[in-house]
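One letter stands for each residue in the lines below.
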Amino acid sequence: MTLTIEKTLFTRLDAEGRLTHPIIKEEISPGRFGFRGEIALKFQASMADEKRPPELSIWQVFATAREGEPAFELFMCYLLSFEYLQTTIEVLGDLFKPGGKYFIYSNNQDLLMKYRIPMGDVTFYCLPIGEATAYNEFLELLDIDKNDIKKLNTAGKMDYITKKALEFDADWDVISFEEGIKRMGPVRNPNENRPV
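Residues numbered from 1 in each chain as written. Predicted model: local features only at pLDDT ≥ 70, side-chain atom pairs only at ≥ 80, totals over all residues. Heavy atoms only, no water.

### Examining the nonpolar core
Grouped together as the largest cluster of nonpolar side chains are 37 residues, with contacts concentrated most on Phe-10, Phe-72, Phe-75, Leu-85 and Leu-92. For this core, the elements supplying multiple residues, two or more each, are α1 (10–15), β2 (32–42), β3 (56–66), β4 (74–79), α2 (84–92), β5 (101–106), β6 (115–119) and β7 (122–128). Phe-103, Leu-142, Ile-144 and Ile-149 belong to the second-largest nonpolar core, a separate cluster that totals 26 residues. (Core = buried A, V, L, I, M, F, W, Y, C linked by side-chain atoms within 4.5 Å. Buried < 20%, exposed > 50% of the residue type's maximum accessible area, 1.4 Å probe, protein only. Helix = DSSP H or I, 4+ residues; strand = E, 2+ residues; numbered from the N terminus.)

### Side note on the pairing of β6
Only one face of β6 is covered, namely the one carrying Tyr-115, Ile-117 and Met-119; the face carrying Arg-116 and Pro-118 has none of its residues buried. Note that β6 and β7 share 5 bridges and pair antiparallel. Considered in β7, the bridge of Ile-117 is made with Phe-124. Hairpin geometry of β6 and β7 is characterised by an intervening segment of 2 residues between the two adjacent antiparallel strands and by a positive phi of about 65° at Gly-120. Both β6 and strand β8 (residues 173–174) contribute to a ladder of 2 bridges, which runs parallel. Bridge pairing links Arg-116 to Val-174 in β8. (Pairing = 2+ DSSP bridges.)

### Some thoughts on the packing of helix α3 (residues 134–141) against helix α5 (residues 154–166)
Taken N-terminus to C-terminus, the directions of α3 and α5 make an angle of 50°; their axes are 10 Å apart at the nearest point. One finds that α3 runs oblique with respect to α5. In this structure, α3 meets α5 at a crossing whose hand is left-handed. Facing Tyr-135, Phe-138 and Leu-139 of α3, the residues of α5 in contact are Lys-157, Ile-161 and Ala-165. Taken together, the residues that form the contact of α3 with α5 break down as 5 nonpolar, no polar and 1 charged. (Axes fitted to C-alpha atoms, helices over the stretch in contact; angles between N-to-C directions. Parallel < 35°, antiparallel > 145°, perpendicular 65-115°, else oblique. Left-handed = near helix turned anticlockwise from the far one by under 90°. Contact = heavy atoms within 4.5 Å. Nonpolar A, V, L, I, M, F, W, Y, C, P; charged D, E, K, R; others polar.)

### Notes on the packing of aromatic side chains
Under the counting rule described, the total for this entry stands at 19 aromatic pairs. Here Phe-62 and Phe-138 contribute two aromatic rings whose centre-to-centre distance is 5.9 Å and whose plane-to-plane angle is 65°, an arrangement assigned as edge-to-face. Of this pair, Phe-62 sits in strand β3 while Phe-138 sits in helix α3, and the two are 76 residues apart along the sequence. Looking at Phe-62, the relative accessible area reads 1%, which means it is buried. Relative to Phe-124, the ring of Phe-96 lies with its centre 5.1 Å away and its plane at 70°, an arrangement referred to as edge-to-face. (Phe/Tyr/Trp six-rings, centres within 6.5 Å; stacked < 30°, edge-to-face > 60°.)

### With respect to the pattern of salt bridges
Under the definition given, this model contains 8 salt bridges. We note a salt bridge from Asp-159 to Lys-163, for which the minimum N-O separation is 3.1 Å. Here the residue Asp-159 and the residue Lys-163 both occupy positions in helix α5, the gap between them amounting to 4 residues, near one helical turn. Its relative accessible area of 47% is what places Lys-163 among the partly exposed residues. When salt bridges with common partners are traced through the structure, they connect Arg-12, Glu-16, Arg-18 and Asp-94 into a single cluster. (Salt bridge = Lys/Arg side-chain N within 4 Å of Asp/Glu carboxyl O.)

Written out as structure tokens, the structure reads:
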């Protein structure tokens, strides 16, 4: 029987209208549900029937959860500014668990630095992002060759990457969120240096 969103933690986010621009939103292997897309953190006030885009979203989300489990097993995303990690925790905090694998690619992090940031009893691997997408950077981090997964369909790719990510471990410097804020640079315009 196919796993539906109603049997996963994603059902709440879906009901709140937070899961936007989905590339995939389905069971990716028995008992494992995957979502790739954007998650809205803050909404604009909508006027009458007009639906406005979210005021703040996290982008390039790659997240999985097991059937009936209350927390993400894997969560990876791109944040335009490192400080949005705080907002992410305020909105989604109860969906993270100690021991889960959680990765944040931050636009304004020094390109040479990688950190582990504890947020309560949950730790995030925080990485800089260069010119590539978070997805491509993530494959590189996990040492996945694109040729290894090119024959798989979208769900198969996501499941393969998830299994590799769940084995990931790194002993990067542990710093506090406050220290992270001090070390972050200005937010770079993600559209500069791109051909129009």
